[in-house]
Amino acid sequence: MADTGADQLDDTIVSEPLDLVRLSLNERVFVKLKGDREIRGRLHAYDSHCNLVLSDVEETVYIMDDEEVDLKTIKKQSEMLFVRGDAVVLISPPTQS
């Protein structure tokens, strides 16, 4: 039996949560992590545990000093980064313009 256009799977359909991550492959994403950390980078790979591989990463760490009221931020740049899935709180796809 021949496949019709209606039978073919549309690559842009989001039917499961990880489909949204799949659609973000090779795009810049924002990832919020446990421990007051945030990263932005190009998503290269992921798995069902939300382990991520990103490149051109900018990591931001927020530190609240006990003695002072100031919130300090530390920014780090990495060429390639593996993120363990149990640290991931949120993955935001690229904004559509």
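Refer to the structure presented above.
Note that the coordinates shown come from a computational prediction; the quantities given were computed from them, not determined experimentally.

### What about the pairing of strand 2 (residues 37-46)?
Judged from the six bridges that link them, strand 1 (residues 28-33) and strand 2 form a sheet pairing that is antiparallel. Note that in strand 2 the partner of Phe 30 across the bridge is Arg 40. Where strand 1 folds back on strand 2, the antiparallel hairpin that results is connected by three residues, among which Gly 35 adopts a positive phi of roughly 80°. Pairing of strand 2 with strand 3 (residues 52-64), which is carried by eight bridges, proceeds in the antiparallel orientation. Bridging from a neighbouring strand, Leu 43 pairs with Leu 54 of strand 3. Taking the residues that link successive antiparallel strands as the turn, the strand 2-strand 3 hairpin has five residues, and the phi of Cys 50 there is positive, at about 65°.

### Some words on the nonpolar core
Within the largest apolar cluster, eleven residues are counted, these being Val 21, Val 29, Val 31, Leu 33, Ile 39, Leu 43, Leu 52, Leu 54, Val 57, Val 83 and Val 88. Contributions of two or more residues to this core are made by strand 1, strand 2 and strand 3. When near neighbours in sequence (up to four residues on either side) are disregarded, Val 57 contacts Ile 39, Arg 40, Gly 41, Lys 76, Gln 77, Ser 78 and Leu 81.

### A few points about the environment of Asp 86
Relative to the helices and strands, Asp 86 is located in the loop between strand 4 (71-83) and strand 5 (88-92). As a C-alpha pair, Asp 86 and Cys 50 span 36 residues in sequence and 7.4 Å in three-dimensional space. Residue contacts for Asp 86: discarding those within four places in its chain leaves Lys 34 and His 49. Among the polar contacts made by the side chain of Asp 86, one reaches the side chain of Arg 84 at a distance of 3.2 Å.

### A word on the pattern of salt bridges
If you walk through the whole model with that rule in mind, you get four salt bridges. Across the pair Glu 58 and Lys 75 runs a salt bridge whose closest N-O atoms are separated by 3.4 Å. Of this pair, Glu 58 sits in strand 3 while Lys 75 sits in strand 4; the two residues are 17 residues apart in sequence, bridging distant segments of the chain. The residue Arg 84 makes a salt bridge to Asp 86 at a minimum N-O spacing of 3.2 Å. The class of Arg 84 is exposed, set by a relative accessible area of 55%. For Asp 86, a relative accessible area of 46% gives the class partly exposed.

### Observations concerning the sheet that holds strand 2
The strand order 4-3-2-1-5 describes an open sheet built from five strands, whose pairing is antiparallel. Each edge of the open sheet carries a strand with a single partner, namely strand 4 and strand 5. On average, adjacent strands in this sheet sit at an angle of 25° to one another, irrespective of strand direction.

Rules used throughout
- Residues numbered from 1 in each chain as written.
- Predicted model: local features only at pLDDT ≥ 70, side-chain atom pairs only at ≥ 80, totals over all residues.
- Heavy atoms only, no water.
- Pairing = 2+ DSSP bridges.
- Helix = DSSP H or I, 4+ residues; strand = E, 2+ residues; numbered from the N terminus.
- Core = buried A, V, L, I, M, F, W, Y, C linked by side-chain atoms within 4.5 Å.
- Buried < 20%, exposed > 50% of the residue type's maximum accessible area, 1.4 Å probe, protein only.
- Contact = heavy atoms within 4.5 Å.
- Polar contact = N/O pair within 3.5 Å; in protein donor to acceptor, adjacent residues only side chain to side chain.
- Salt bridge = Lys/Arg side-chain N within 4 Å of Asp/Glu carboxyl O.
- Axes fitted to C-alpha atoms, helices over the stretch in contact; angles between N-to-C directions.

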